[in-house]
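One-letter residues, chain by chain:
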Amino acid sequence: MEFSSTRSKELKVSFRDAVLHCLPPDGGLYVPASMVDLRPFFLYMDSETTYPELVATVAPVLLQGELNPISAARVAESAFSFEPELKRLDSNLSVLELHNGPTGVFKDFGIAFLAAVMEELLKPAGHAMTLTATTGRTGVSVAHAFKGRAGITAVILYPEGHVRGLDPSTFVNNGGNILPIQIQGTFDDCQRLIRDAFEDRPFAERYGLTSANTINVGRLLPQVFYFLYAFIKIKKELHGDLLFSVPSGNFGNLIAGLYAWKFGLPANGFIAAMNANDTFGDFFRGQSFVPHSPVRTLSRSMDVGNPSNYERLAAFYNEAPAVMKHMVYSERVDDEATLAAMERAWKRYGLHLDPHGAVGFAAAERLLAGDIEDGHVVVLSTGHPAKYAELVTKVTGKAPISSETLDNLQKEVAPVAVIPARLDALESAIAGAL
Ligand SMILES: *Cc1c(COP(=O)(O)O)cnc(C)c1O
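Residues numbered from 1 in each chain as written. Predicted model: local features only at pLDDT ≥ 70, side-chain atom pairs only at ≥ 80, totals over all residues. Heavy atoms only, no water.

1. Here's the deal with the domain arrangement of the protein
Once the domains are mapped, the protein shows domain 1 (85–105 + 220–404) and domain 2 (128–207 + 405–434). A C-alpha centroid distance of 31 Å is found between domain 1 and domain 2. Both faces considered, domain 1 and domain 2 share a buried interface measuring about 940 Å² in area, 55% of it formed by carbon and sulfur atoms. In terms of surface lost to domain 2, no three residues of domain 1 exceed Pro102, Thr103 and Glu404, which account for 55% of the buried area on that side. Linking domain 1 to domain 2 there are 0 salt bridges. At the surface where domain 1 touches domain 2, the tally comes to 5 residue pairs in polar contact (both at pLDDT 80 or more). In terms of residue class, the side of domain 1 that touches domain 2 is built from 3 nonpolar, 6 polar and 2 charged. (Domains from an automatic or database assignment. Buried area = accessible area lost by both parts, 1.4 Å probe. Salt bridge = Lys/Arg side-chain N within 4 Å of Asp/Glu carboxyl O. Polar contact = N/O pair within 3.5 Å; in protein donor to acceptor, adjacent residues only side chain to side chain. Nonpolar A, V, L, I, M, F, W, Y, C, P; charged D, E, K, R; others polar.)

2. Some remarks on the packing of helix H10 (residues 223–234) against helix H11 (residues 252–262)
As a packed pair, H10 and H11 sit with axes 8 Å apart at the nearest point and diverge in direction by 65°. For the pair H10 and H11, the crossing hand works out as right-handed. Taking contact as the criterion, the partners of Gln223, Val224, Tyr226, Phe227 and Leu228 in H10 are, on H11, Gly252, Asn253, Ala256, Gly257, Tyr259 and Ala260. (Axes fitted to C-alpha atoms, helices over the stretch in contact; angles between N-to-C directions. Helix = DSSP H or I, 4+ residues; strand = E, 2+ residues; numbered from the N terminus. Left-handed = near helix turned anticlockwise from the far one by under 90°. Contact = heavy atoms within 4.5 Å.)

3. Some points on empty space enclosed by the protein
Going through the model one piece at a time under the given rule, you end up with 1 cavity of 30 Å³ or more. Considering the residues around the largest cavity, the lining is formed by Ser248, Gly249, Phe251, Asn277, Thr279, Phe280, Met302, Val304 and Pro307. Looking at the lining of the largest cavity residue by residue, the classes come out as 5 nonpolar, 4 polar and no charged. (1 Å grid on protein atoms, 1.4 Å probe; cavity = no way out; pocket = protein on both sides within 12 Å on 5 of 7 lines; lining within 4 Å. Points joined across faces, edges and corners; volume = space filled by probe spheres on them.)

See the structure below:
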């Protein structure tokens with residue numbers, strides 16, 4: 001399958017180019033350019049299939065000519081030491097837990113695949129460097145996924161006071177390939193530095209710069225896999241319609257679900273579950289989208305006023321507006337309803353949810369009580385409840401179970417370099433460290 005830009009259908013590149021260059025030259029975002037029918041490969045898989053098995057089967061079909069089945073099996077095995085878990089709550093409702101990775105958020109799945117597939121694509125002797133701006137968690141996920149990957153250096157930029165949870169034995173100065181740099185500035189300064197670094201063409205080309213942020217389609221495409229996985233786990237007991245409730249901020253999960261549908265997932269609809277930042281609701285109801293400044297909510301990873309996947313969703317709508325109108329339901333769940341959903345999930349099902357998952361849960365309940373007569377909704381649990389231990393305990397009266405890895409996320413670590421927020425400083429820090 002080739003990838004084109006949201007701004008130009010004529011521009012077509014390989015998966016390798018899309019992953020290693022990250023952004024098309026026209027300023028758009030890469031999207032799948034063609035249709036692939038995955039149905040013959042997953043529809044009849046039995047429910048015992050493991051996640052790496054599923055990935056090893058469908059990835060080479062999506063990436064035909066670029067990733068053969070043997071490479072795909074190697075990628076799947078080395079990426080996924082953790083799996084999604086489908087929990088059936090009753091005949092109408094399930095949760096797909098995507099918070100079992102090293103940092104307790106679904107983003108671990110995309111990052112893990114990106115790192116493993118990049119290593120494979122660079123064989124035998126290529127090299128690349130990923131740049132990531134983060135205030136913490138994503139940095140841990142990137143460091144975990146990229147550590148020891150041949151040919152790749154992972155540079156992670158942090159604002160002051162946020163370098164946490166990393167393992168110093170993986171750092172470049174200790175013979176590893178992880179380079180955490182603290183910027184004397186804000187998160188916005190880190191993002192601006194990354195943009196500047198990409199625009200310095202000679203520098204970008206010398207190091208083979210790419211991004212491990214969500215704009216990279218190498219993180220987005222593997223999110224398709226867990227929608228298929230959910231289907232093979234519940235298909236036996238399925239009756240009526242199948243829907244997914246997706247807690248949404250930048251809409252990466254939602255667009256990945258729509259791609260899964262395009263590739264043959266027998267889904268009847270998706271719920272765009274949003275917190276008070278629901279400016280996309282108008283867009284789903286057929287009006288134009290106007291960015292807003294975000295407001296703070298309990299589900300803070302969804303406090304997004306200008307979602308970065310807007311262009312990808314708009315491109316999808318342009319292709320099939322009529323289908324889309326009947327495929328995506330939007331729901332707005334405020335903080336009060338979020339807390340009530342956390343409490344109900346615990347009381348009814350003994351299930352702990354974090355505030356993000358609870359937004360999806362509340363939205364699913366509403367649809368089941370209204371628009372859908374006979375159907376099953378799978379709620380994506382995008383974040384681990386133990387990361388909101390205090391709130392979860394207060395609402396449910398019982399502390400969520402944590403893990404050592406999650407507890408370690410908060411431990412402060414010394415970065416390899418501390419530099420001012422200037423491109424020349426970043427470039428010399430990188431040159432000096434390698
Ligand atoms: C990032 C994140 C989201 C939002 O996901 P998008 O793909 O950006 O819509 C939801 N929940 C949690 C816990 C997150 O970390």
